[in-house]
Amino acid sequence: MFIKILEYKIFCGTKVNLLKLINEANKINIISGNPEVLYMGMYNEKLKALYIDSKSVIIPDGVGTVIASKILNTPVKEKIAGIEVMEEIIKNCEAEGKGIYLVGAQEEVLKECIINLIIKYPKLKILGSKNGYFDLNNCQELIEDIEEKKPFAIFVAMGCPRQEIFISKFFETLPCKVFMGVGGSFDVFAGKVKRAPKWMINLGLEWLYRVANEPFRIKRLIYIPKFLMRVVISKYFNKRK
Ligand code: UDP
């Protein structure tokens, strides 16, 4: 259920397959593998180590990753949006009485996110939370709180690479089963940022919607061609081997 893109194993099944895999795992780190995230991993040893860890699963979250899979003639079944996986995990946690922990975003956003989650999932156990503006090398109080509460899932919304650095530091020691870096998802649950309309998502144009609404993101689009160029080069070299 995996394909190889550059040095990464990318999940190529459906979202339903993924949820089954998450359920069956002892401990799992879900990485939303868009071109920016994957490209950064090529130049950052810590990130790369996390991405290629056997307990990490990279999902194709981004039209650039889907295109890369097609370039390599190993198309993924579908683009899987991290935020949708997060919501499915939350639904399961609510149904099964399992707790979650939220780390990331600005304090106000985090509060709104929690209020909206509780409105939508009234039985959801949110065992704790912390905004995303703290010193990663000096957060003992937070770590002790997570250790004490033992959430089933921890969602970390601090953007890449900060959220991945946090997860790689504490993945082995924290008593959580599911770890997931979720970027700007708390902003979406808080209602601060809207997801693109369905038709744009279906056409693979979510990136365009996000740039139109948050123009500062335009700089980050450069990772798509950079990443795809690396994929094309890798395909060419692998053919010659
Ligand atoms: N963020 C944070 N701490 C930081 C920097 C950013 O918690 O030091 C949060 C920020 O408030 C926002 C999220 O990280 O909620 C930004 O994620 P981004 O939109 O960059 O992620 P993407 O969805 O693009 O992966």
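Residues numbered from 1 in each chain as written. Predicted model: local features only at pLDDT ≥ 70, side-chain atom pairs only at ≥ 80, totals over all residues. Heavy atoms only, no water.

UniProt lists a comment for the protein chain under the heading Pathway (unreviewed entry), and it reads "Cell wall biogenesis; teichoic acid biosynthesis." Listed in UniProt under the heading Function (unreviewed entry), the comment for the protein chain reads: "Catalyzes the conversion of GlcNAc-PP-undecaprenol into ManNAc-GlcNAc-PP-undecaprenol, the first committed lipid intermediate in the de novo synthesis of teichoic acid." (UniProt positions renumbered as here; feature names shortened; annotations may be inferred.)

Q: Explain the site of the ligand here, please?
A: Residues in close proximity to the ligand total 15 residues, the closest being Tyr133, Gly184, Asp187, Arg217 and Arg220. Backbone polar atom of glycine 184 to an oxygen atom of the ligand: 2.8 Å apart, as the coordinates give it. One of the side-chain N or O atoms of arginine 210 is found 3.1 Å from an oxygen atom in the ligand. Across the complex, the protein chains shield 77% of the 550 Å² of accessible surface that the ligand would expose by itself. Spatially, the ligand is embedded in the largest pocket. Along the lines of polarity and charge, the residues of the shell around the ligand split into 4 nonpolar, 6 polar and 5 charged. (Near = heavy atom within 4 Å. Polar contact = N/O pair within 3.5 Å; in protein donor to acceptor, adjacent residues only side chain to side chain. Areas by Shrake-Rupley, 256 points an atom, 1.4 Å probe, with all protein chains shown as cover. 1 Å grid on protein atoms, 1.4 Å probe; cavity = no way out; pocket = protein on both sides within 12 Å on 5 of 7 lines; lining within 4 Å. Sits in = over half its atoms within 2 Å of the grid points. Nonpolar A, V, L, I, M, F, W, Y, C, P; charged D, E, K, R; others polar.)

Q: Quick question: what am I supposed to make of the pattern of salt bridges here?
A: This model, assessed by the stated rule, comprises 16 salt bridges. Lysine 20 is the salt-bridge partner of glutamate 24, the closest N and O atoms lying 3.5 Å from each other. Note that glutamate 24 and lysine 20 are positioned in helix α1 (residues 15–24) at a spacing of 4 residues, about one turn of the helix. On the basis of relative accessibility, which here comes to 52%, the residue lysine 20 falls in the exposed class. Residue lysine 79 is joined to glutamate 206 by a salt bridge in which the shortest nitrogen-to-oxygen separation is 3.5 Å. One end of the pair, lysine 79, is in the loop between α4 (63–71) and α5 (82–96); the other, glutamate 206, is in helix α11 (residues 206–213), with 127 residues separating them in the sequence. (Salt bridge = Lys/Arg side-chain N within 4 Å of Asp/Glu carboxyl O. Helix = DSSP H or I, 4+ residues; strand = E, 2+ residues; numbered from the N terminus. Buried < 20%, exposed > 50% of the residue type's maximum accessible area, 1.4 Å probe, protein only.)

Q: Quick question: what am I supposed to make of the state of the cysteines here?
A: As used in these notes, a disulfide is a covalent bond between sulfur atoms, one from each of two cysteines. Scanning all chains against the criterion turns up 0 disulfides. Take cysteine 139: it sits in no disulfide, and the sulfur closest to it among the cysteines is that of cysteine 176, at 13 Å. Not engaged in a disulfide, the cysteine cysteine 176 finds its nearest cysteine sulfur in cysteine 93; these two sulfurs lie 11 Å apart. Classification of cysteine 176 as buried rests on a relative accessible area of 3%. (Disulfide = S-S within 2.5 Å.)

Q: What is the right way to read the layout of surface pockets from this model?
A: Gaps left between atoms are located by rolling a probe of water-molecule size over the structure's atoms. Size it by volume and the largest pocket reaches roughly 1200 Å³. Together, 50 residues line the largest pocket, and Asn34, Gly184, Arg210, Arg217 and Arg220 are the ones closest to its centre. For the lining of the largest pocket, the elements supplying multiple residues, two or more each, are α2 (35–41), α4, α5, α8 (162–170), α9 (185–189), α11 and α12 (223–240). Per-element accounting of the lining of the largest pocket gives the leading share, 4 residues, to α11. Per-class residue counts for the lining of the largest pocket are 22 nonpolar, 14 polar and 14 charged. Looking at the second largest pocket, its volume works out to about 420 Å³. Lining the second largest pocket are 18 residues, and of these Lys79, Glu84, Arg195, Ile201 and Asn202 lie nearest its centre. Residue assignment for the lining of the second largest pocket shows that the elements contributing at least two residues are α4, α5 and α10 (198–202). Here the residues of the lining of the second largest pocket sort into 6 nonpolar, 2 polar and 10 charged. (Points joined across faces, edges and corners; volume = space filled by probe spheres on them.)

Q: What exactly am I supposed to notice about the environment of valine 76 here?
A: Secondary-structure assignment places valine 76 in the loop between α4 and α5. Residues within four places of valine 76 in sequence aside, it is in contact with Ile3, Phe11, Cys12, Pro60, Val66 and Ser69. (Contact = heavy atoms within 4.5 Å.)

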